[in-house]
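Observations on chain architecture
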Amino acid sequence: MSSRLKDNINSRYFEAANALKSKRARRRIVAYVEAYDDIYFWRTVLSPFEDDTRYFEVMLPSKVNLTRGKKSVLMNFLEEKGDAEDPLGRDMIACVDADYDYLKQGVTEQSKKIIESPYVFHTYVYAIENYQCYAPSLHDVCVSVTLNDHRIFDFSDYFREFSEAVFPLFVWNIMLYRNGHYGRFSITDFNRIADPGGFSVQHPEASLQNVRRKVNSKVRDLQRQFPDAKDEYLATKEDVKRLGVTPQTTYLYVQGHHLFDTVVAPILNKVCNLLRQERQNEIYHAQAHKTQKRNEMSCYENSLQDVKVMLKKNTGYLQSEPFRRLQDDIRRYLG
C-alpha cells in the first residue's frame, strides 16, 4: 500500500475491518490526535468507555510522513467537496484541541466542522494544557513534586482573580476573531497583557494588580478604536458565557501553551521551591544523628520530581465541568 493510500484511509476501511472479525471480537475505534502529548490525555477521556464490545486505539494521523497538528488530523475531513465521502465515521474519530474554533462558533470552515461533526471531539477548553493547569488540582501537583502537603498557596483563589481580571479583554479578543478584526488585537497581543510577571508567593496580589492595570489600559484603547462596538461586545460577552466561559474560569480558555509555560509553571516552581526548602529545613533541624540526617536528606532529594513533568501527568481535571461535557459528547456518539 502506498504512503498516500495509508494516509487517506477513511472510516469505511475500519468498518470493513471490524465486519471481518468474529462477532465476539471487540470493535476497534481509531481516534486520531494532534501530537504525542495528546495520546495520554485522550486515553484518559476514552478509557472509561471501553468494554467487552469495543476499544479505542489512540494514534497520530500518519506513521509515514510524521505530520502533526490539528490540520493534519482534520485534513481529509476539511477538504471534502460536495457529497464526497466523509473520512471520519463510526469507527474513526478525530480528537483535537478546541483552540478558538469552539468559541468562534462556525465563523470559519474549520470552526464549523469542529462544532458540527458528530465524529470530531474537542476539548472545550483551549487545549489539553489548560486541563493540566486546572486550578483545584495544582496543590496535588505540588505534593507530587515536593512530597510536602502543606498548603501555602491558594491556587483556586488566585486563578479565579486572574480570570476575573482578564475576562473583559478576553471577550474583546473573541469578538475580534469572530468579526475578522483579529489583526488589530491577536492572541499574541492578549497573551502579552495576560502575563502576570514578577509573581511572588508571599504577595500574589501585586501580579494581579499588574494584569488589571494592563487589561484596563488595553480595553480603553480598544473602545477608542471601535467606538460603535458596545452592542456587539455585550452580545459576545453573553454568548461566551453561554458556551461555558465564566469570569471565574477564563484561564481555561486562553492559549494553552501560554498558560502552561508563562503563567502556571513559573508559579508552581516558586511554590514548590518554598515547599522543598520547608521540608529540607525540617530534616536539617530534626533531633537526629548527622548520618541519619544526611541519609534522610539524600532520600528526600532523590524523590523530588520536575514541575513540568508532573504537570503534564496531572489528571486532576477529571471532575471539571468542561471535561464532563466532553465525556457527554463521547457518550452520545456511542449511544
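Above: the structure in question.
Attention in this report is confined to the structure presented alongside it. This is a predicted model, so every value here is computed, not measured.

Side note on the environment of Arg212
Along the chain, Arg212 falls in helix α11 (residues 205-225). Residue classification places Arg212 among the partly exposed residues on the basis of a relative accessible area of 22%. The spacing of Arg212 and Phe162 is 50 residues in sequence and 8.5 Å in space, taken between C-alpha atoms. Residues within four places of Arg212 in sequence aside, it is in contact with Glu161, Ala165 and Glu205. A polar side-chain atom of Arg212 sits 2.8 Å from a polar atom in the side chain of Glu205.

Looking at the packing of helix α13 (residues 256-284) against helix α14 (residues 290-303)
Look at α13 against α14: their axes get within 9 Å of each other, and the N-to-C directions meet at 160°. Overall, the two elements α13 and α14 adopt an arrangement that is roughly antiparallel. In this structure, α13 crosses over α14, and the sense of that crossing is right-handed. On α14, the residues touching Leu275, Arg276, Arg279, Gln280, Ile283 and Tyr284 of α13 are Lys293, Glu296, Met297, Tyr300 and Glu301. Residue composition of the contact of α13 with α14, by class: 5 nonpolar, 1 polar and 5 charged.

Structural notes on helix α9 (residues 155-178)
At Phe167, α9 shows its strongest bend, of approximately 45°, with the proline Pro168 following within four residues. Burial runs high along α9: 18 of the 24 residues are buried. Where α9 begins, one side-chain oxygen reaches toward the backbone nitrogen of Ser156, 3.2 Å away; that side chain belongs to Asp154. Phi turns positive, to about 85°, at Gly180, one or two residues after α9.

Here we look at the packing of aromatic side chains
Enumeration according to the criterion identifies 24 aromatic pairs in this entry. Pairing Phe153 with Phe155 gives two aromatic rings, centres 5.1 Å apart and planes at 75°, and the pair type is edge-to-face. Take Phe155: its relative accessible area is 4%, and that puts it in the buried class. Through pairs of rings, three or more aromatic residues link up here, namely Phe153, Phe155, Tyr158, Phe159, Phe162, Phe199 and Tyr251.

A look at the sheet that holds strand β2 (residues 54-59)
Strand order in the open sheet formed by 4 strands is β2-β1-β3-β4, with parallel pairing between adjacent strands. The open sheet has two edge strands, β2 and β4 (120-122), and neither has a second partner. Direction aside, neighbouring strands of the sheet carry axes that sit 30° apart on average. Relative to β2, strand β1 (residues 27-32) runs parallel, the two being bridged by 6 bridges. When the sheet's bridge partners are listed, Arg27 is paired in β2 with Arg54. The strands touched by helix α3 (residues 36-46) within the sheet are β1, β2, β3 (92-96) and β4, with β2 carrying the most contacts at an inclination of about 165°.

What counts, and at which threshold
Residues numbered from 1 in each chain as written. Predicted model: local features only at pLDDT ≥ 70, side-chain atom pairs only at ≥ 80, totals over all residues. Heavy atoms only, no water. Helix = DSSP H or I, 4+ residues; strand = E, 2+ residues; numbered from the N terminus. Buried < 20%, exposed > 50% of the residue type's maximum accessible area, 1.4 Å probe, protein only. Contact = heavy atoms within 4.5 Å. Polar contact = N/O pair within 3.5 Å; in protein donor to acceptor, adjacent residues only side chain to side chain. Axes fitted to C-alpha atoms, helices over the stretch in contact; angles between N-to-C directions. Parallel < 35°, antiparallel > 145°, perpendicular 65-115°, else oblique. Left-handed = near helix turned anticlockwise from the far one by under 90°. Nonpolar A, V, L, I, M, F, W, Y, C, P; charged D, E, K, R; others polar. Bend = angle between axes of the 7 residues up to and from the residue. Phe/Tyr/Trp six-rings, centres within 6.5 Å; stacked < 30°, edge-to-face > 60°. Pairing = 2+ DSSP bridges.

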